[in-house]
Amino acid sequence: MRKIQTPFFITLLQIMIFCSCQPDKEKDDPEYLLQPFSTTQTQCFDIGTGDAIMLTGEAGTKIWFERNFFNLGEDQNVTLVLREFYDFRELLFHRINTITDDNRLLRSSGVVFLDLIDEKGASVSLRKNQRIPIHFPDNRLAGHQIFYADAKSPGDIRWKLEEPLYVSIIAFDTEYRIDMPKTIPRDSLSRYHEIAYEKIGYPIMSDKLKWINIDAFVEPDGYLDVEVEISGKTCDYYTFYVLYKGINSFISYQKASEDLFCQKFL
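Residues numbered from 1 in each chain as written. Predicted model: local features only at pLDDT ≥ 70, side-chain atom pairs only at ≥ 80, totals over all residues. Heavy atoms only, no water.

Novice: Pulling in residues and values, what's your account of the pattern of salt bridges?
Specialist: Note that side chains of opposite charge can pair when their charged atoms are close. Counted under the stated rule, the structure contains nine salt bridges. Between arginine 89 and aspartate 87 there is a salt bridge, with its nearest N and O atoms 2.6 Å apart. Given a relative accessible area of 31%, aspartate 87 falls into the partly exposed group. The closest approach of N and O atoms between aspartate 150 and lysine 210, which form a salt bridge, is 3.9 Å. Taken together, the positions of aspartate 150 in the loop between strand S9 (145-149) and strand S10 (160-161) and lysine 210 in strand S14 (residues 210-217) put the pair 60 residues apart, joining distant regions of the chain. By relative accessible area, which is 22% here, lysine 210 ends up partly exposed. (Salt bridge = Lys/Arg side-chain N within 4 Å of Asp/Glu carboxyl O. Buried < 20%, exposed > 50% of the residue type's maximum accessible area, 1.4 Å probe, protein only. Helix = DSSP H or I, 4+ residues; strand = E, 2+ residues; numbered from the N terminus.)

In structure tokens form, the structure reads like this:
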């Protein structure tokens, strides 16, 4: 029998525990345990040598691609890779934690993975000081912030807040005397009819690719001590999935059997 005591937010709903005796094999890796239930597909947009194009994902994410945004040659073929996780269950299935790099809990309005790759499969970077417009569906950005992560595996993700956040709006240009796209800090929206833009939504102007999260901070109203007893047959590794009542939040941990006695979880 093994016992651990873990402090959690009092909004805790349930803990799921999965065990593995061969964690080095892909089929037993915690990242893959629930993926068979997922319906999220990797979408690949063959841009080729195109210069400018609007790309729309199956779930409604819009990305405006321009070749001069990236460190690309004129004749270099590229493909844009997109994965959309707007259903909270997909975050769980892929073990995409809603926690920051300084251990603050988040509630998610959706996650996207975005990458641009060349013919050899290598990632292509944005040019210095360049930003790409990304528009999320259903005005998901309202009341939320943007977080980024550059992790090889979804299970390794720890989100970092983007500050300041830049967005794109249509504003009157006094020089050309016409309405034109304008990039501004989000906290400057009050100068440009903030209420209207909060209702209709607006694209973010991102200077990063890979993992992008539309989230908001969750402030704990207390902690709950939870004791987990593991009896009978034991395994080498245990993966804990912690879900929270009424909010799109979850965290997961993988611990070796011998570490259960001393490990304290958030």
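Novice: Can you explain the environment of glutamate 119? Please cite residues and give values.
Specialist: Position of glutamate 119 among the secondary structure elements: in the loop between strand S7 (106-118) and strand S8 (132-135). Overall, glutamate 119 belongs to the exposed group, its relative accessible area being 65%. Remark: the alpha-carbon pair of glutamate 119 and valine 78, spanning 41 residues in sequence, is separated by 6.3 Å. Side-chain polar atoms of glutamate 119 contact the side chain of asparagine 77, separated by 3.0 Å. (Polar contact = N/O pair within 3.5 Å; in protein donor to acceptor, adjacent residues only side chain to side chain.)

Novice: Describe the sheet that holds S10, listing the residues and the values that go with them.
Specialist: With respect to topology, six strands assemble into an open sheet ordered S3-S6-S7-S14-S9-S10, the strand pairing being antiparallel. At either end of the open sheet lies a strand with only one pairing partner, and these are strand S3 (43-48) and S10. In the sheet, S9 pairs with S10 via two bridges, with the strands oriented antiparallel. The residue of S10 that forms the bridge with tyrosine 148 is lysine 160. (Pairing = 2+ DSSP bridges.)

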